[in-house]
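Close look at the chain arrangement
Spelled out, the chains give:
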Amino acid sequence: MGADDGLQWRERQRQAVRAHADADARRRAAEQAEAAELVAWFVAEATRRGLPTTRLVARGYDGRGRYRTRLTGWYVDRAGTRAVDVAGRFHLLTVPGGLRARLFGVDPQPSPAPLVVGAGGRDGESMPLRTLLSRLLDDAPGGSAAPGSTTTPAAPGE
């Protein structure tokens, strides 16, 4: 095997790695766009139905502290660690915490919404974002349809 063969092999490997990384980035961007569309649909539908909002509270990483936020919206999961605000942004509501956070509150930054909430978690309990958001709407007062309506607008992609 000559020096040229080794250089060619390394270049092919670099190109293959680059192609895989590009494909993964495109897949993630498509998933994030689909999830953002779902969240926007949810906010529009929740607003149309008058689904009550709540002042969102963040929790410390250790699970013990609760910290005020300036956010208003809807919790997506029962644990209250994921939420959608009224502006249509997805938030993970776990923060470092501490005395400053206790006194002044916290400002969790929005993050891209996942298509599958809890994917990769150790407990194995994951659920599609579409299902969680639909359940929130179905469990709301008025059920799955708006007052006086016999149909429910379908979530994007349904």
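Residues numbered from 1 in each chain as written. Predicted model: local features only at pLDDT ≥ 70, side-chain atom pairs only at ≥ 80, totals over all residues. Heavy atoms only, no water.

Two elements in contact, helix α1 (residues 3-49) and helix α3 (residues 129-139), have axes whose closest approach is 10 Å; the angle formed by their N-to-C orientations is 0°. When the interaxial angle is binned, α1 and α3 end up roughly parallel. Contact residues: α1 offers Glu-34, Ala-35, Leu-38, Val-39, Trp-41, Phe-42, Glu-45, Ala-46 and Arg-49, while α3 offers Leu-129, Arg-130, Leu-133, Ser-134, Leu-136, Leu-137 and Asp-138. For the contact of α1 with α3, the residue count by class is ten nonpolar, one polar and five charged. (Axes fitted to C-alpha atoms, helices over the stretch in contact; angles between N-to-C directions. Helix = DSSP H or I, 4+ residues; strand = E, 2+ residues; numbered from the N terminus. Parallel < 35°, antiparallel > 145°, perpendicular 65-115°, else oblique. Contact = heavy atoms within 4.5 Å. Nonpolar A, V, L, I, M, F, W, Y, C, P; charged D, E, K, R; others polar.)

Attention now goes to the packing of aromatic side chains. Tallied over the full model, the rule gives one aromatic pair. Between Phe-42 and Trp-74, the aromatic rings sit 5.3 Å apart at their centres with planes inclined by 85°, giving edge-to-face as the arrangement. A residue pair is termed long-range when its members are at least 10 positions apart, and Phe-42 in helix α1 and Trp-74 in strand β2 (residues 66-75) qualify at 32 residues. The same class applies to Phe-42 and to Trp-74, which are both buried. (Phe/Tyr/Trp six-rings, centres within 6.5 Å; stacked < 30°, edge-to-face > 60°. Buried < 20%, exposed > 50% of the residue type's maximum accessible area, 1.4 Å probe, protein only.)

This paragraph deals with the pairing of strand β1 (residues 54-60). Here five bridges tie β1 to β2, and the two strands are oriented antiparallel to one another. Residue pairing for β2: Thr-54 is matched across the bridge by Gly-73. Remark: five residues form the turn of the hairpin made by β1 and β2, two consecutive strands paired antiparallel; Gly-63 in that turn has positive phi of roughly 85°. (Pairing = 2+ DSSP bridges.)

Take the side chain of Asp-77 next. The residue Asp-77 is located in the loop between β2 and β3 (82-85) in this model. On the accessibility criterion, Asp-77 (14% relative accessible area) is buried. A distance of 2.7 Å separates polar atoms of two side chains, one belonging to Asp-77 and the other to Thr-81. Among the polar contacts made by the side chain of Asp-77, one reaches the side chain of Arg-82 at a distance of 3.0 Å. (Polar contact = N/O pair within 3.5 Å; in protein donor to acceptor, adjacent residues only side chain to side chain.)

Judged from the three bridges that link them, β2 and β3 form a sheet pairing that is antiparallel. The residue bridging Tyr-75 from the neighbouring strand is Ala-83, located in β3. The hairpin turn running from β2 into β3, its antiparallel successor, is six residues long, and Gly-80 in that turn takes a positive phi close to 75°. Across three bridges, the pairing between β3 and strand β4 (residues 90-92) is antiparallel. Looking at β4, one finds that Val-84 is bridged to Phe-90. Joining the antiparallel neighbours β3 and β4 is a turn of four residues, in which Gly-88 adopts a positive phi near 85°.

Let us look at a nonpolar patch on the surface. Taken together, the side chains of Leu-99, Leu-103 and Phe-104 make up a nonpolar region of the molecular surface, amounting to roughly 370 Å² of accessible area. You can see Leu-99 is positioned in helix α2 (residues 99-104). (Patch = residues over 30% accessible without salt bridge, like charges linked within 9 Å, V, L, I, M, F, W, Y side chains within 5 Å. Areas by Shrake-Rupley, 256 points an atom, 1.4 Å probe, with all protein chains shown as cover. Salt bridge = Lys/Arg side-chain N within 4 Å of Asp/Glu carboxyl O.)

An order of β4-β3-β2-β1-β5 is seen for the five strands of this open sheet, with the pairing classed as mixed. Looking along the sheet, the strands with just one partner apiece sit at the ends: β4 and β5 (94-95).

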